[in-house]
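What the coordinates show
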2 protein chains.
Amino acid sequence: MTLFAGVDAGGTTTRAAVHAADGTRLGYGVAGPGNPAARGAAAAGTAIERALRDALDGLDPSLVAGSVAGVAGADEHFAGTLRQVWAACGLTAPPRLVGDVDVAYAAGTPAPSGTVLLAGTGAAAARFARHAVTDVADGLGWLLGDEGGGFWIGRAGIREAVRALDRGLTSGPLVELVSAHFAVTGAPRRRADRVVRLAQAEPTVVAAAAPLVTEAAAAGDPRAAGVVTEAARRLAATANRVHREGPIVLAGGVLTADGPVRAAVTALLDGHELLTARDGAAGASWLAALDRLPDPLAAHARFVRAGERVRP
Amino acid sequence: MTLFAGVDAGGTTTRAAVHAADGTRLGYGVAGPGNPAARGAAAAGTAIERALRDALDGLDPSLVAGSVAGVAGADEHFAGTLRQVWAACGLTAPPRLVGDVDVAYAAGTPAPSGTVLLAGTGAAAARFARHAVTDVADGLGWLLGDEGGGFWIGRAGIREAVRALDRGLTSGPLVELVSAHFAVTGAPRRRADRVVRLAQAEPTVVAAAAPLVTEAAAAGDPRAAGVVTEAARRLAATANRVHREGPIVLAGGVLTADGPVRAAVTALLDGHELLTARDGAAGASWLAALDRLPDPLAAHARFVRAGERVRP
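Residues numbered from 1 in each chain as written. Chains lettered and ligands numbered in written order. Predicted model: local features only at pLDDT ≥ 70, side-chain atom pairs only at ≥ 80, totals over all residues. Heavy atoms only, no water.

An unreviewed UniProt entry annotates chain A as ATPase BadF/BadG/BcrA/BcrD type domain-containing protein originating from [Actinomadura] parvosata subsp. kistnae.

Take a look at the structure:
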């Protein structure tokens, strides 16, 4: 029996999957943030080890014939951390280390050429040829870019709410949701000042406001709808900057969750073959199997299907 | 003899001035950051006390008939801190607490109606009528607004440098200055990644890059010139959103220093009476004297002139 293992180490959640050669999922594990840039290499390594151990539970790790780890912003130092984690889990060879866009693209399509548009907290697009990245757009981080991603949406929504409060407006879905998010009450100008200070003091709370913006847009708030429209426009532009041929895979929480951003991006990219990446860990596992399968395209659907977990 | 005291407590520097009723400067003091929102009330109070004590050195504080403190983002709690500082310095009455825009406007003009456009690290405009603020634009902080201010310019310049590095470009004034600012070397993509991480980890270093952007623009860098043009456009738009009548006072380091931003804003606001605020502490001192002077307009020039300090 031959096994393949894949890890998708995200800024919020780390997922690991183990598959048989025919694509049957045999194990799965979930842990906290596994992004070394955000949380440090040690904490990320610990999260990845936890997810991988859970995915391997009850399986013989020496049967793993190939493995891939998808990690955004990893460096050589972190490759060393992963070698230690893999050895501790009993795997005989270290993983191939790729980016978050690689596993997201593989989770959406087996096509060798195409584009992934990834929007979670951040936002980036990558073009692939022969399953390898050939061009990237955006991905510049929350301070400088990531246009249309979760942080960007949260920040733009908070900005609109603060502007409305500065004009003395205290009603409407967006202003009310943002005020509640920051637990501010009272006169609108004071609320606005406190929201500005709280958001600056803890930027991580900004991305957490993104779902409120889409909720307010769905409730008919015109300011929130404007933010959603602009986010979708920027995301589609990011994809169009690199896309040449093949399908476009939509990945990341902002684009895989049903909602106004996904709907607007889908409309803007109308005419392209649009696919959705549901499970980056399965994509990573399929990438690990890619060169060892007789018919990798046929196996892809079994690897990445949103199936029941074999074990809970 | 009657004295007036003024304090301009900024995010970088705190200045205090003591004047005679005819506007003669009798004392001056300088200390570090005095902005409670940025540094906390205790540190800000300590800086303000240091500047005020130096300004009062050799003078009888009981002769101070009026005083004004200009502090951005102060609240009731900080008013209490200032009362303690004033009492500790021997003044018989607490200061009138106003905003940073009030003292900047007063430093530029004695006119009761007009506008101040303030661009230091942040950026805001305020309209005045009868020496009181009647409308404000921007001032939303580095995360949400302050468009065209020092942080905004630094961030936009770093973004342009990172985009150039992402395209493999390593030459040109802006890319070279930004690379040196963050002490990054080597391959362009790696440099770009490290600049993004360093800027996000310590946003205060972003505003410090603003002078590099204007330097690169002056050296003919087209990306830096684009940032300067856009910063000036946004600053002029901020002023135009509130301006109705009277002069426009240019204030803050970005607008008072000779350079491409000041030149571009001056050109965009052509047709208005443009004045420059040089010394916010003197403006605060003049505001303290305003209701007690027989001819406040005539005294203004003596209060705010960039005169020699009477004592070092």
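Quick word on helix 10 (residues 210-218) of chain B
All names here are of chain B. Looking at helix 10, one finds that the buried residues are A210, L212, V213, A216 and A217. Burial along helix 10 is one-sided: seen end-on, the buried residues are contained in an arc of 160°. Across from the buried face of helix 10, at angles greater than 90 degrees, the exposed residues are P211 and A218. Contacts from the buried residues of helix 10 go to helix 6 (150-166), helix 7 (173-181), helix 9 (204-207), helix 11 (222-242) and helix 13 (260-268). Phi for G220, located one or two positions after helix 10, is positive at around 95°. (Buried < 20%, exposed > 50% of the residue type's maximum accessible area, 1.4 Å probe, protein only. Helix = DSSP H or I, 4+ residues; strand = E, 2+ residues; numbered from the N terminus. Arc of directions from axis to C-beta. Contact = heavy atoms within 4.5 Å.)

Some details on the sheet that holds strand 9 (residues 248-251) of chain B
Residue and element names in this part refer to chain B. If you trace the five strands from one edge of the open sheet to the other, you get 8-7-6-9-10, paired in mixed fashion. Each edge of the sheet is formed by a strand with only one pairing partner; in this case those strands are strand 8 (132-138) and strand 10 (274-276). Averaged over all pairs of adjacent strands, the angle between strand axes in this sheet comes to 25°, irrespective of strand direction. Two elements, strand 6 (residues 114-119) and strand 9, share four bridges in a ladder whose sense is parallel. (Pairing = 2+ DSSP bridges. Axes fitted to C-alpha atoms, helices over the stretch in contact; angles between N-to-C directions.)

Here's the deal with the domain arrangement of chain A
All names here are of chain A. Here the domain parsing of chain A yields domain 1 (3-110 + 278-304) and domain 2 (112-246). Put simply, the middle of domain 1 and the middle of domain 2, counted by C-alpha atoms, are 29 Å apart. Counting residues at the interface gives eight residues for domain 1 and ten residues for domain 2. Buried area between domain 1 and domain 2, summed over both chains or domains, comes out near 820 Å², and the portion from carbon and sulfur atoms is 73%. Summed over the three residues of domain 1 that lose the most area to domain 2, namely V101, D102 and Y105, the buried surface amounts to 63% of that side. Summed over the shared surface of domain 1 and domain 2, the number is zero salt bridges. Where domain 1 packs against domain 2, one counts two residue pairs in polar contact (both at pLDDT 80 or more). With five residues, the top contributor of residues to the side of domain 1 that touches domain 2 is helix 4 (residues 100-108). Considered class by class, the residues forming the side of domain 1 that touches domain 2 number six nonpolar, no polar and two charged. (Domains from an automatic or database assignment. Buried area = accessible area lost by both parts, 1.4 Å probe. Salt bridge = Lys/Arg side-chain N within 4 Å of Asp/Glu carboxyl O. Polar contact = N/O pair within 3.5 Å; in protein donor to acceptor, adjacent residues only side chain to side chain. Nonpolar A, V, L, I, M, F, W, Y, C, P; charged D, E, K, R; others polar.)

Details of the interface of chain A and chain B
Contacts between chain A and chain B engage 25 residues on the former and 25 residues on the latter. Interface area, chain A with chain B, both sides summed: about 2,200 Å², of which 58% is carbon and sulfur. The largest contributions to the chain A side of the interface with chain B come from L140(A), L143(A) and L144(A), which together make up 32% of the buried area. Applying the counting criterion to the chain A and chain B interface returns four salt bridges. As a salt-bridge pair, E76(B) and R190(A) come within 3.8 Å of each other at their nearest N and O atoms. Looking at the side of chain A that touches chain B, the elements that each hand over two or more residues are helix 5 (141-144), helix 6 (150-166) and helix 8 (188-201) of chain A. Per-element tally for the side of chain A that touches chain B: the top contributor is helix 6 of chain A, with seven residues. Looking at the side of chain A that touches chain B residue by residue, the class counts come to 13 nonpolar, three polar and nine charged.

Considering the environment of G283(A)
Considering the arrangement of structural elements, one finds G283(A) in helix 14 (residues 280-289). Excluding anything up to four places from it in sequence, G283(A) contacts V103(A), A106(A), A107(A) and V304(A).

Re the pattern of salt bridges
Considering all chains together, one arrives at 22 salt bridges over all chains under this definition. E147(A) is paired through a salt bridge with R163(B); the nearest N and O atoms lie 3.4 Å apart. Taken together, the residues span two chains, with E147(A) in the loop between helix 5 and helix 6 and R163(B) in helix 6. Bridged by salt links that share partners, the residues E147(A), E230(A), R233(A), R234(A), E160(B) and R163(B) form one connected network.

Some words on the environment of V133(A)
Residue and element names in this part refer to chain A. Relative to the helices and strands, V133 is located in strand 8 (residues 132-138). For V133, a relative accessible area of 34% gives the class partly exposed. Separated by 123 residues in the primary sequence, V133 and G10 place their C-alpha atoms 19 Å from one another. When near neighbours in sequence (up to four residues on either side) are disregarded, V133 contacts V101, D102, A126, R127 and F128.

Let's talk about the sheet that holds strand 4 (residues 64-71) of chain A
Pairing between the strands of a sheet is mediated by backbone hydrogen bonds and can be parallel or antiparallel. Residue and element names in this part refer to chain A. Read across the sheet, five strands follow the order 3-2-1-4-5 without closing on themselves; strand pairing throughout is mixed. Across the chains shown, the open sheet's two edge strands, defined by having one partner strand only, are strand 3 (25-31) and strand 5 (96-98). This sheet shows a mean twist of 15° between the axes of neighbouring strands, independent of strand direction. Two elements, strand 1 (residues 3-9) and strand 2 (residues 14-20), share seven bridges in a ladder whose sense is antiparallel. What sits directly across from A5, in strand 2, is V18. Docked against the sheet, helix 14 engages strand 1, strand 2, strand 3, strand 4 and strand 5, running at close to 135° with respect to strand 1.

Comments concerning the relation of the copies chain A and chain B
Each of the two chain copies can be brought onto the other by rotation about an axis and movement along it. The transformation that overlays chain A on chain B combines an axial shift of 0.0 Å with a rotation of 180°, and the residual RMSD is 0.0 Å. Expressed as a symmetry operation, the mapping of one chain copy onto the other fits a two-fold axis. Taking C-alpha positions as reference, the residue of chain A nearest the rotation axis is L143(A), located at 4.2 Å. By residue overlap, the copies meet face to face through one surface: 100% of the interface positions of chain A are interface positions in chain B. (Least-squares fit on C-alpha atoms with pLDDT ≥ 70 in both.)

A closer look at the side chain of D221(A)
Residue and element names in this part refer to chain A. Within the secondary structure layout, D221 lies in the loop between helix 10 (210-218) and helix 11 (222-242). Buried D221, no salt bridge; nearest opposite-charge side chain is R223, N-O distance 4.7 Å. Reaching out from D221, the side chain makes a polar contact with the backbone nitrogen of L174 at a distance of 2.8 Å. Here the side chain of D221 touches R223 through a polar contact of 2.9 Å, landing on its backbone nitrogen. In this view, D221 contacts G172, P173, L174 and A216; residues no more than four positions away in its chain are not counted. (Lys, Arg positive; Asp, Glu negative; His and termini not counted.)

As for unusual backbone geometry
Even without being glycine, D146(A) reaches a positive phi, approximately 55°. You can see D146(A) is positioned in the loop between helix 5 and helix 6. For D146(A), a relative accessible area of 10% puts it in the buried group. The phi angle at H131(B) is positive, at roughly 65°, despite the residue not being glycine. Here H131(B) is to be found in the loop between strand 7 (123-129) and strand 8.

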